[in-house]
Amino acid sequence: MKTVTADSRWHAFALKALDGECLTMEEGLAVLEADDDEILTMMQAAFQVRKHYYGKKVKLNMIINAKSGLCPEDCGYCSQSIVSTAPIRKYTMLDKETLLAGAREAMERKAGTYCIVASGKGPTDKELDQVVEAVKEIRRTMPLKICACLGILKDEQAERLAEAGVHRYNHNLNTSKANYPSITTTHTYDQRVETVQKAKRSGMSPCSGVIIGMGETNREIVEMAYALRELDADSIPINFLNAIPGTPLEKAGRTPPMKALKVLALFRFICPTKEIRVAGGREVNLRSLQPLALYAANSLFVGDYLTTEGQDVQADHAIIEDLGFEIELNALSS
């Protein structure tokens, strides 16, 4: 009788993904609970799926914190929330010229997507006007894909952003539906789902991801992947909690590097055709294993995040070059 080895098991998961089949809950848990000795064969299997859909190209994204702090929400992970005492900069929506300067910086860093992110439950009409004005100018003068992340939207706000030329709208689910009330109480999981759907209906590409390390179980991590598959999010940022002093989750531990790699492989198997992006917290959680992440993920943030520092952009470019991968310079073509 033939024994199914670990190697053949991960290969079978890759074949299921390539055939459009979804892993079962038991298979998803097997990925997350696998022995660390199996990580290289697992990542090789995930790479077969990643390579099939994205080759060896890496998409780069850059964030600008367009409005910092001043947020009435109580999200436990966020240094900008009303319950945070973290010493961060606080300012209202940046003006057009500053947003344009950020777009030029994104191009210098070889980022194909420029992400305009603002704190708050949702944008005011004045804030939306400022973003729309900047987006129109960026679209007119620069070959960048634009992503906006401004919180919960009204129908007409989503339509205005789409009409202005925003390609993608980000609104992360962050955690599982069951775990959501322990993370925030000022809005609901269902409101986040509805905002992603609203962005999609307006014609913007839906972007939604998670934050790993906020007390969720392995089963809940698999459920998050299922939820994003069901939402049909085109881009899925996988954040790993960077616990910031002054936030309710400041004492949460880091995700071990090997566990982080298993999470990335899981999302590649369950959402095989989607852009899987290694996002916030990768530097402090994956640490020296960051290069291995790109065998499952096909996208990175470069530069700083909202209120935390990122890795030097030249270091990220070096990782991609050393792997024999290639930066995708024109995001608008994909």
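Before reading on, note that the structure itself is shown above.
Residues numbered from 1 in each chain as written. Predicted model: local features only at pLDDT ≥ 70, side-chain atom pairs only at ≥ 80, totals over all residues. Heavy atoms only, no water.

Asks: Honestly, the overall build of the chain in this entry has me stumped. Any pointers?
Replies: Helices and strands together make up the secondary structure of the chain, namely 12 helices and 10 strands. By the compact-globule yardstick of 20 Å for 334 residues, the chain fits well, its C-alpha radius of gyration being 19 Å. The dimensions of the chain, computed from C-alpha atoms along their principal axes, are 70 × 40 × 35 Å. Taken over 334 residues, the chain has a buried fraction of 59%. (Helix = DSSP H or I, 4+ residues; strand = E, 2+ residues; numbered from the N terminus. Rg over C-alpha atoms; globule rule 2.2 N^0.38 Å. Buried < 20%, exposed > 50% of the residue type's maximum accessible area, 1.4 Å probe, protein only.)

Asks: Whenever I open this one, the side chain of S299 confuses me. Can you help?
Replies: Looking at the element boundaries, S299 is found in strand β9 (residues 299-301). According to the relative accessible area criterion, S299 is buried, its value standing at 0%. Engagement of the side chain of S299 in a polar contact is seen with the side chain of R277, the distance being 3.4 Å. Among all residues touching S299, those that are not within four sequence positions of it are V58, K59, N61, E275, I276, R277, V278 and L294. (Polar contact = N/O pair within 3.5 Å; in protein donor to acceptor, adjacent residues only side chain to side chain. Contact = heavy atoms within 4.5 Å.)

Asks: Would you explain the packing of aromatic side chains in this entry?
Replies: Aromatic ring pairs are reported here in terms of the distance separating the ring centres and the angle at which the planes meet. One pass over the structure, following the stated rule, counts 7 aromatic pairs. The interplanar angle of 70° and the centroid separation of 5.7 Å between the aromatic rings of Y295 and F325 together place this pair among those described as edge-to-face. On the criterion of sequence distance, the pair formed by Y295 in the loop between α11 (290-293) and β9 and F325 in the loop between α12 (313-322) and β10 (326-327) is long-range, its members being 30 residues apart. The exposure class of Y295 is partly exposed, given its relative accessible area of 23%. We classify F325 as buried; its relative accessible area is 8%. Aromatic rings pair up to connect W10, F13 and F269 into one cluster. (Phe/Tyr/Trp six-rings, centres within 6.5 Å; stacked < 30°, edge-to-face > 60°.)

Asks: Just to check I follow, could you spell out helix α5 (residues 125-141) for this structure?
Replies: In an α-helix there are 3.6 residues to a turn, and that puts residues three or four apart on one side. Between the first and last C-alpha of α5 there are 25 Å, a value that for 17 residues agrees with the 24 Å anticipated at 1.5 Å per step. Among the residues of α5, those classed as buried are E127, L128, V131, V132, A134, V135, E137 and I138. Looking at the buried residues of α5, the elements they touch are β1 (57-67), α4 (96-108), β2 (113-118), β3 (145-149) and α6 (155-164). (Expected span 1.5 Å × (residues − 1).)

Asks: I keep staring at the pairing of strand β8 (residues 275-278) and nothing clicks. Help me out?
Replies: Consecutive side chains of a regular strand alternate in pointing toward one face of the sheet and then the other. Here β8 shows two buried faces, one formed by E275 and R277 and the other by I276 and V278. Relative to β8, strand β7 (residues 235-240) runs parallel, the two sharing 4 bridges. Following the sheet pairing, P237 is matched in β8 by R277. You can see the chain leave β7, run along helix α9 (residues 257-270) and come back into β8, and the turn it takes is right-handed. Bridge analysis of β8 against β9 gives 2 bridges, and the strand direction is parallel. Its bridge partner being in β9, R277 is matched across the sheet by S299. (Pairing = 2+ DSSP bridges. Right-handed = clockwise from strand over helix to strand, strands pointing away.)

Asks: Explanation requested: the nonpolar core in the structure shown.
Replies: Taken as a class, soluble globular proteins show a tendency for nonpolar side chains to be buried jointly. Judged by nonpolar contacts, the single largest core of 95 residues is most densely connected at V31, Y114, L161, I238, L264, F267 and F269. Considering every element that reaches this core, the biggest residue donor is α9, with 9 residues. Among all residues touching F267, those that are not within four sequence positions of it are V210, I221, M224, A225, L228, I236, I238, P272 and I276. (Core = buried A, V, L, I, M, F, W, Y, C linked by side-chain atoms within 4.5 Å.)

Asks: Could you clarify how one ought to interpret the packing of helix α2 (residues 25-32) against helix α8 (residues 218-231) in this entry?
Replies: For any two helices packed against each other, the geometry comes down to the angle between their axes and how far apart the axes lie. Closest axis-to-axis distance for the α2/α8 pair is 9 Å, and the angle between their directions is 120°. Along this stretch, α2 crosses α8, giving a crossing that reads as right-handed. Between α2 and α8, the contacting residues are M25, G28, L29 and L32 on the first element and N218, R219, I221, V222, E223 and Y226 on the second. The residue inventory of the contact of α2 with α8, partitioned by class, reads 6 nonpolar, 2 polar and 2 charged. (Axes fitted to C-alpha atoms, helices over the stretch in contact; angles between N-to-C directions. Left-handed = near helix turned anticlockwise from the far one by under 90°. Nonpolar A, V, L, I, M, F, W, Y, C, P; charged D, E, K, R; others polar.)

Asks: Just to check I follow, could you spell out α8 for this structure?
Replies: An ideal rise of 1.5 Å per residue puts 20 Å on 14 residues; α8 measures up with 20 Å between its terminal C-alpha atoms. Here α8 has its buried residues at N218, E220, I221, V222, M224, A225, A227, L228 and L231. The elements touched by buried residues of α8 are α2, α7 (189-202), β6 (210-212), β7 and α9. A positive backbone phi angle near 60° is found at D232, which sits one or two residues after α8.

Asks: Would you take a moment to explain unusual backbone geometry for this structure?
Replies: Negative phi values dominate among residues other than glycine, just as trans dominates among peptide bonds. Look at L70: it is not a glycine, yet its phi comes out positive at around 60°. By secondary structure assignment, the location of L70 is in the loop between β1 and α4. Residue classification places L70 among the partly exposed positions, given a relative accessible area of 47%. Although it is not a glycine, R287 sits at a positive phi angle of roughly 50°. In this fold, R287 is placed in the loop between α10 (282-285) and α11.

Bear in mind that shape data such as this cannot, by itself, settle questions of function.
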